[in-house]
Amino acid sequence: ELLRPADLDLTDKNFEAALKGYQAVVLSSASKMSSAEQAQLYTTMGRARLGMGERDKAKAMVRRALEIDRMYEPAARYQLELAEHGTPGEQAAALVEVAELLGRRIPNLEGESRTEVEEEEIEVRRRAAAIYAESLNRPDEASRQLARVLALRPTKQSVLHEVLELHTAAGEWRPATQVLE
């Protein structure tokens, strides 16, 4: 109920008024809110900041949301959305953040839900690995991400091939032969 006026302002693209409304809620009611509610509020303030053209402040709001609640998936996904227009380093870091969040969710899931989240984590880590390898020239980080994929699916042939290519391109022959074993 407290957020309704600010939410309406945000919907109407009156970003400054929305931000002021959300900030008033933080000042008056944050201590009464759950961590998920606080994270949602900071994520929404990030959207208002972006609407005002303040990308760096929007990112700071999302980081704050994730500090409050590391499991708040909408904040991690919004961070990824913000990073898509940023540097390759920002993109890779945001992808890893989403992958870590997904990984933290997996132990609490079963059956088809677990498989879906695992597959999403695999895809996100592979995207991060590609950025680390191709854009950032960081084969060490790419290798770490692919190792996490292999921990989930140790016999996934396409990932084994990616790891082999990565080590071969970096001239890391011992790790390359270990992949073959």
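Each remark here, short or long, concerns the structure printed above.
Residues numbered from 1 in each chain as written. Predicted model: local features only at pLDDT ≥ 70, side-chain atom pairs only at ≥ 80, totals over all residues. Heavy atoms only, no water.

Caption draft 1: Summary view of unusual backbone geometry. Even without being glycine, K13 reaches a positive phi, approximately 60 degrees. Here K13 lies in the loop between α1 (4–11) and α2 (15–29). In the Ramachandran plot, N137 falls in the positive-phi region, its phi being about 50 degrees despite a non-glycine side chain. Positionally, N137 belongs in the loop between α7 (111–134) and α8 (139–152). (Helix = DSSP H or I, 4+ residues; strand = E, 2+ residues; numbered from the N terminus.)

Caption draft 2: Fine view of the nonpolar core. Formed by 52 residues in total, the largest nonpolar core has its most connected members in Y22, Y42 and M45. Residue contributions to this core peak at eight residues, all from helix α6 (residues 88–105). Sequence-distant contacts of Y42, defined by excluding residues within four places in its chain, comprise V26, M61, R64, A65 and I68. (Core = buried A, V, L, I, M, F, W, Y, C linked by side-chain atoms within 4.5 Å. Buried < 20%, exposed > 50% of the residue type's maximum accessible area, 1.4 Å probe, protein only. Contact = heavy atoms within 4.5 Å.)

Caption draft 3: Spatial organisation of the packing of helix α5 (residues 73–83) against α6. The contact between α5 and α6 brings their axes to 8 Å, and the two run at 160 degrees. When the axes of α5 and α6 are compared, the pair comes out roughly antiparallel. Relative to α6, α5 is oriented so that their crossing is left-handed. For the pair α5 and α6, contact is made by E73, A76, R77, Q79, L80 and A83 and by E90, Q91, A94, L95, E97, V98, L101, L102 and R105, respectively. (Axes fitted to C-alpha atoms, helices over the stretch in contact; angles between N-to-C directions. Parallel < 35°, antiparallel > 145°, perpendicular 65-115°, else oblique. Left-handed = near helix turned anticlockwise from the far one by under 90°.)

Caption draft 4: View of the pattern of salt bridges. Tallied over the entire structure, the rule returns 18 salt bridges. With a closest N to O distance of 3.2 Å, E118 and R114 form a salt bridge. Residue E118 and its partner R114 are both found in helix α7; the two are separated by four residues, about one turn of the helix. One connected set of salt bridges, linked through shared partners, spans E73, R77, R105 and E120. (Salt bridge = Lys/Arg side-chain N within 4 Å of Asp/Glu carboxyl O.)

By themselves, these are just geometric observations and shouldn't be taken as functional.
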